[in-house]
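# Remarks on the overall topology
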Amino acid sequence: MMTTRKRSVRDLQVKGKRVFVRVDFNVPLSHGAVSDDTRIRSSLPTLKLILEAGGSAVIASHLGRPKGKPAPELSLKPAGERLAALLGRKVLVAPDCVGAAAEELAGRLGPGEALLLENLRFHPEEEKNDAEFGRSLARLADLYVNDAFGAAHRAHASVVAVTRHLPDPAAGLLMQSEVQALTRLRDHPEKPYVAVLGGAKASDKIDLIHNLLTRVDAILIGGAMAYTFLKARGVPVGTSKIETDRVEGAADIISRAMNTGVRLHLPVDHVVAQSPEPGRPHRLTDTAHIDDGWCGFDIGPRSREAYAEEVRAAATIFWNGPLGMCEVEPYDAGTSAMARAIASTRAFSVVGGGDSVAAVNRLGLASRFSHISTGGGASLEFLSGVELPGLLALSDVTESAPGRAR
Ligand code: ADP
Ligand code: 3PG
Ligand code: MG
């Protein structure tokens, strides 16, 4: 019998070659420094494999959402410094990700040397999956490896277009291990299966919840996304951030959950403030209702307890997105309560997303989770059954089963 798998970095002959490595260094920053380096650490096995085999690495990532223009506060320099410290090697940082300077620096790389390109999203062509921009990136290297599981759901130039101009695009070791861990959760989740969803990217996530509805027993919603759902239920949410064009989608999800027997929980109380600056007054609401002029920044204690109860009964838990503005005290309490609730279960538990994983790490609870995923939106899409463009772009290898162990 023949089986097909994605080509792996291990299949490539990297000695003496320059390898373009797409990583996801979209890491949380605080005062200009990397505040959680999980995503950088996770890229080390692939980078070391290439560098120790006598290849050189041209490393590329996005950071934040600079909207196609250079933004100094979203430079990858701090990530480059952290990478150099973790690798124990010098890492040059190019002033741009394409163009003459980047080509010259890449051209001078010797075996075992690494160059980090500046933020891909300083160019609007990256997010447009622009063919010419993909070609410019490809000029920097001989081979292509994608280790950016966290960005595999984005059909962007460094993920898709570039792969058309380099031979045998391959998956990195992180990409492979993420796919392996999450495939188990996608295909064989033990029931009850509870999804916990929060964070800020409501417009991305709401459509995916439709797909999740057929897979899970309960969905717990928090974070900024919760207010769009409450609005859809007709609950006043004060000045909380809502995505007006997703209110209808949220209403659909609420009614589909009701019809299919999925328990969809929304916050029943909140921590609110007029502004989130530390030290500004905040208060608890009695109900889900938020008064005019007030904004929700965290779920309240009764919501935390109701969510913890669902989590305690689960056999499988997937969590993406903080339940409040967790980088600002006291709005981290809902997220911390969720991390502790999951950590104290024996369920198969996965937490994914730069900010969610950072919150779990801050509490020292990472080892209590079954899998820490570097993907937020990517893991959510994968578990919803969506085929990720970053995986589709990699070449297949067909071999006779059972195949070599990798
Ligand atoms: P992840 O990185 O885990 O995938 P996201 O990037 O989607 O998660 O969201 C993380 C961000 O969401 C954090 O910066 C957090 O401050 C923000 N956030 C969560 N809840 C709220 C809220 N109620 N109001 C404003 N921002 C929020
Ligand atoms: C993430 O943090 O989920 C990934 O790095 C993708 O970032 P994006 O949502 O800005 O595309
Ligand atoms: Mg994030």
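Before any of the text, the structure's been laid out above.
Residues numbered from 1 in each chain as written. Chains lettered and ligands numbered in written order. Predicted model: local features only at pLDDT ≥ 70, side-chain atom pairs only at ≥ 80, totals over all residues. Heavy atoms only, no water.

### Overview of empty space enclosed by the protein
Applying the stated rule across the entire model yields two cavities of 30 Å³ or more. In this model, the largest cavity occupies a volume close to 50 Å³. Lining the largest cavity are Pro 28, Asp 36, Thr 38, Arg 39, Gly 353, Gly 354, Val 357, Ser 373 and Thr 374. When contributions to the lining of the largest cavity are tallied by element, the ones reaching two or more residues are helix H1 (38-42) and helix H13 (354-362). Its residues assigned to classes, the lining of the largest cavity comprises two nonpolar, five polar and two charged. Volume-wise, the second largest cavity comes out at about 40 Å³. Residue lining of the second largest cavity: Val 23, Asp 24, Phe 25, Arg 39, Ser 43, Asp 147, Leu 174 and Thr 374, and that is the complete set. Residues that form the lining of the second largest cavity fall into these classes: three nonpolar, two polar and three charged. (1 Å grid on protein atoms, 1.4 Å probe; cavity = no way out; pocket = protein on both sides within 12 Å on 5 of 7 lines; lining within 4 Å. Points joined across faces, edges and corners; volume = space filled by probe spheres on them. Helix = DSSP H or I, 4+ residues; strand = E, 2+ residues; numbered from the N terminus. Nonpolar A, V, L, I, M, F, W, Y, C, P; charged D, E, K, R; others polar.)

### A short note on the site of ligand 1
Neighbouring ligand 1 are 21 residues, the closest being Lys 205, Asn 320, Glu 327, Asp 355 and Ser 356. Contact between ligand 1 and Ala 200: an oxygen atom at 3.0 Å from a main-chain N or O atom of the residue. Within the side chain of Lys 205, an N or O atom sits 2.9 Å from an oxygen atom of ligand 1. Contact with the protein chains covers 88% of the free accessible surface of ligand 1, which is 580 Å². Counting residues per element, the ones that place at least two in the shell around ligand 1 are strand S15 (295-299) and H13. Per element, the largest residue contribution to the shell around ligand 1 is three residues, and it comes from H13. In terms of residue class, the shell around ligand 1 is made up of six nonpolar, 11 polar and four charged. (Near = heavy atom within 4 Å. Polar contact = N/O pair within 3.5 Å; in protein donor to acceptor, adjacent residues only side chain to side chain. Areas by Shrake-Rupley, 256 points an atom, 1.4 Å probe, with all protein chains shown as cover.)

### Comments concerning the site of ligand 2
Residues in close proximity to ligand 2 include Asp 24, Asn 26, Arg 39, His 62, Arg 65, Arg 121, Gly 150, His 153, Arg 154, Lys 201 and Gly 377, which together make up its full environment. Here Arg 39 contributes a side-chain N or O atom positioned 3.1 Å from an oxygen atom of ligand 2. Between ligand 2 and the protein, one listed contact pairs an oxygen atom with a side-chain N or O atom of His 62 at 2.9 Å. When isolated, ligand 2 has an accessible area of 310 Å², and the protein chains bury 94% of it. A class-by-class count of the residues in the shell around ligand 2 yields no nonpolar, five polar and six charged.

### Here we look at the pattern of salt bridges
Per the stated rule, a full pass over the model turns up 22 salt bridges. In this structure, the salt-bridge partner of Asp 24 is Arg 39, at a minimum N-O distance of 3.5 Å. Of this pair, Asp 24 sits in the loop between strand S2 (18-22) and strand S3 (29-30) while Arg 39 sits in helix H1, and the two are 15 residues apart along the sequence. The pair formed by Asp 24 and Arg 39 is uniform in burial state, with each residue classed as buried. When the shortest N-O distance is used, the salt bridge between Asp 204 and Arg 65 registers 3.3 Å. One end of the pair, Asp 204, is in helix H8 (residues 202-212); the other, Arg 65, is in the loop between strand S5 (56-60) and helix H3 (77-87), with 139 residues separating them in the sequence. Residue Asp 204 is classed as partly exposed on the basis of its relative accessible area of 29%. (Salt bridge = Lys/Arg side-chain N within 4 Å of Asp/Glu carboxyl O. Buried < 20%, exposed > 50% of the residue type's maximum accessible area, 1.4 Å probe, protein only.)

None of this, on its own, says anything about what the molecule does.
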